[in-house]
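# Understanding the architecture of this molecule
Chain residues, written in single-letter form:
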Amino acid sequence: TAGLTGLFCHFALGMTMLEGLLAGAVLGSTDAASVFSILRSQRLNLRDGTASMLEIESGSNDPCAYMLTVIVLSLMDGGVTAGGVAYAVFAQLAYGALAGAAVALAARKVLCTQRFAEGTDAILLVAAALASYVLPALIGGNGYLGAYIAGILLGNGELPGKKALVNFFDAFNGMMQMLIFFLLGLLVFPSRLPSVFLPALAVAAFLTLAARPAAVALVLAPFGSSARQQLVVSWAGLRGAASIVFAITAAVSPAYGDDRLFHIVFCVVLISILVQGTLLPAVARRARMIDDRDNVMKTFTDYSEETSVQFIRLEIGEGHPWIGRCIRDVATLPGMLIAAVLRGGEAIVPKGDTCLAEGDSLI
């Protein structure tokens, strides 16, 4: 995606080759927060594991976009050899992943072996998050990748008081998002936006209709992905705050130092959110990629571990109004889920099209 967008910026918009590739690198990544928000708020239950694919892609490609941005800025600065670029790629990936894993394992060890006063364990994890970014960055690694790896390992590990920690980081995350957009408001000059709107519109159109679909087809076609799935994955490639942050990195770099790219990226992000984000539910439905038997909330999920759960057994006796009805058509109490259907001594995993019969027991 970054390469194709860079070539378009060079040949169609008259940017230098390196400036075009820098624009492509900055705009290369999918914004996880935007994708998560739309899929969850619209309850887009996508078939064929597409939601999980988008979750992994949009969460993991920010480190790659940052790495490409740093490499192009290094090329702009001059004095970089092919061997230097190869080592930089190796260092970004290897040192970032290793440092992130090391920080996560160390933090988990401390959390599981030491007692903390209430709330101080959250301070330790904030320090771990900062360390997972700073340590690889100090040795030439990718700080974004380090933080991402550390978050995965800690988030999927058994930690004492995990529910309270997740609630803390949810609030912390919201505060950081407000801070990012406040800083963006300080950096954007609305008077500059009209002059870059047409180039930004051209970049957004090419990115959405050509570069992203081509890249998605190149990756997914060998795995037998259907054209419908490729269409939805392509359209779900929303740009967001991550691209704007990388554009800030470019704007303040001595190797580039031009804020025109920042304003172009800002416009592209607005267009992407307004157009792609608004039309994503319609595209998914027209492509027949909605599957009511799946549940997107299981993928982009709120943390629910350690919550108290009560089980109720409900017998479907003679004359019960639910006999012959599919589970998707049964109205249950808010917060209540049908976890299992017991029929003839066997437990059936319920799906939306599971029909209830006389004699069933519902858990």
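Every residue gets a number counted from 1 within its own chain, in the order that chain's sequence is written. Local features in a predicted model are, by the rule used here, given only for residues with pLDDT of at least 70; side-chain atom pairs are given and counted only at 80 or more, and totals for whole chains, interfaces and linings are based on all residues. No hydrogens and no water enter the side-chain calculation; it runs on all heavy atoms of the structure.

Before going further, it helps to spend a moment on the overall build of the protein chain. What counts as a helix is a DSSP run of H or I of at least four residues, what counts as a strand is a run of E of at least two, and both are numbered from the N terminus. A tally of helices and strands in the protein chain yields 12 helices and four strands. With a 1.4 Å probe rolled over the protein chains alone, any residue whose accessible area is under 20% of its type maximum counts as buried; one over 50% counts as exposed, and the rest are partly exposed. Evaluated residue by residue, the protein chain yields a buried proportion of 39% over its 363 residues. Long-range contacts, defined as pairs at least 24 residues apart, comprise 77% of the intrachain contacts of the protein chain with a sequence gap of at least 6. Throughout, the Shrake-Rupley method with a 1.4 Å probe supplies accessible areas, and for residues the shown protein chains are the sole cover considered. Summed over its atoms, the accessible surface of the protein chain is roughly 19200 Å², and 65% of this surface lies on carbon and sulfur atoms. We call two residues in contact whenever any of their non-hydrogen atoms come within 4.5 Å of each other.

The subject of this paragraph is the nonpolar core. Taken as a class, soluble globular proteins show a tendency for nonpolar side chains to be buried jointly. Counting residues in each nonpolar core, the largest one holds 36 residues, and the members touching the most others are Leu22, Ile244, Leu261, Phe262, Val265 and Val268. The set of elements that each furnish at least two residues to this core consists of α1 (2-13), α2 (17-26), α4 (50-77), α9 (193-220), α11 (241-252) and α12 (260-286). For this core, the element with the highest residue contribution is α12, accounting for nine residues. Those residues within four positions of Leu22 in sequence are excluded, and the remaining contacts are Thr69, Val72, Leu73, Met76, Ala250, Tyr256 and Leu261. By convention a nonpolar core is built from buried Ala, Val, Leu, Ile, Met, Phe, Trp, Tyr and Cys residues, the set being connected through side-chain atoms within 4.5 Å. Ile38, Leu220, Ala287 and Met289 belong to the second largest nonpolar core, which has 18 residues in total.

In a beta sheet, neighbouring strands pair by backbone hydrogen bonds and run either parallel or antiparallel. Two strands form a pair only when DSSP identifies at least two bridges running between them. Reading across from one edge, β1-β4-β2-β3 is the order of the four strands in this open sheet, with antiparallel pairing throughout. Strands with a single pairing partner mark the edges of an open sheet, and in this sheet they are β1 (314-315) and β3 (346-348). In terms of strand pairing, β1 meets strand β4 (residues 361-362) through two bridges, oriented antiparallel. Across the sheet, Leu314 pairs through a bridge with Leu362, a residue of β4.

This brings us to unusual backbone geometry. The phi angle at Asp48 is positive, at roughly 60°, despite the residue not being glycine. Even without being a glycine, Arg288 presents a positive backbone phi close to 55°. Mapped onto the secondary structure, Arg288 falls in the loop between α12 and β1. The exposure class assigned to Arg288 is exposed, which follows from its relative accessible area of 56%.

Two aromatic rings from Phe, Tyr or Trp, using only the six-membered ring of Trp, form a pair when their centres are within 6.5 Å; if the ring planes differ by under 30 degrees the pair is stacked, by over 60 it is edge-to-face, and anything between is tilted. Counted by the stated rule, this structure contains 10 aromatic pairs. With centroids separated by 4.4 Å and ring planes inclined at 10°, the aromatic side chains of Phe8 and Phe206 adopt a geometry described as stacked. Here Phe206 lies in helix α9 and Phe8 lies in helix α1, a separation of 198 residues in the sequence. Through successive ring pairs, a cluster of aromatic residues spans Tyr66, Tyr133, Tyr144 and Phe246.

With that out of the way, let us pick up α11. Between the first and last C-alpha of α11 there are 17 Å, a value that for 12 residues agrees with the 16 Å anticipated at 1.5 Å per step. Tucked into the core, α11 has its buried residues touching α2, α4, α7 (143-155), α8 (162-187) and α12. Helix span, as expected, comes to 1.5 Å for every residue beyond the first.

This part covers the state of the cysteines. Two cysteine sulfur atoms make up a disulfide if the distance between them is within 2.5 Å. Inspection of every chain in the model, using the stated rule, returns zero disulfides. Summary of cysteine pairing: Cys9 is not part of a disulfide, and the nearest cysteine sulfur, belonging to Cys267, is at 13 Å.

Looking at the element boundaries, Pro63 is found in helix α4. Taking the relative accessible area as the measure of exposure, Pro63 reaches 5% and is therefore buried. C-alpha separation for the pair Pro63 and Arg47, spaced 16 residues apart in sequence, amounts to 27 Å. Setting aside anything within four residues of it in sequence, one finds Pro63 in contact with Asn142, Tyr144 and Leu145.

On the surface, a cluster of nonpolar side chains totalling about 470 Å² of accessible area is made up of Tyr133, Val134, Leu135, Leu138 and Ile139. Inspection of the secondary structure assignment puts Leu138 in helix α6 (residues 120-138). Here the term patch refers to residues with relative accessible area over 30% and no salt bridge, with like charges joined within 9 Å and nonpolar side chains (Val, Leu, Ile, Met, Phe, Trp, Tyr) within 5 Å. The working definition used for a salt bridge is a side-chain nitrogen of Lys or Arg within 4 Å of a carboxyl oxygen of Asp or Glu.

Right, let's talk about the pattern of salt bridges for a bit. Opposite charge on two side chains lets them pair, provided their charged atoms get close. Under the counting rule described, the total for this entry stands at five salt bridges. Across the pair Arg343 and Asp360 runs a salt bridge whose closest N-O atoms are separated by 2.7 Å. Of the two residues, Arg343 is situated in strand β2 (residues 341-343) and Asp360 in the loop between β3 and β4; the sequence distance between them amounts to 17 residues. With a relative accessible area of 30%, Arg343 lands in the partly exposed category.

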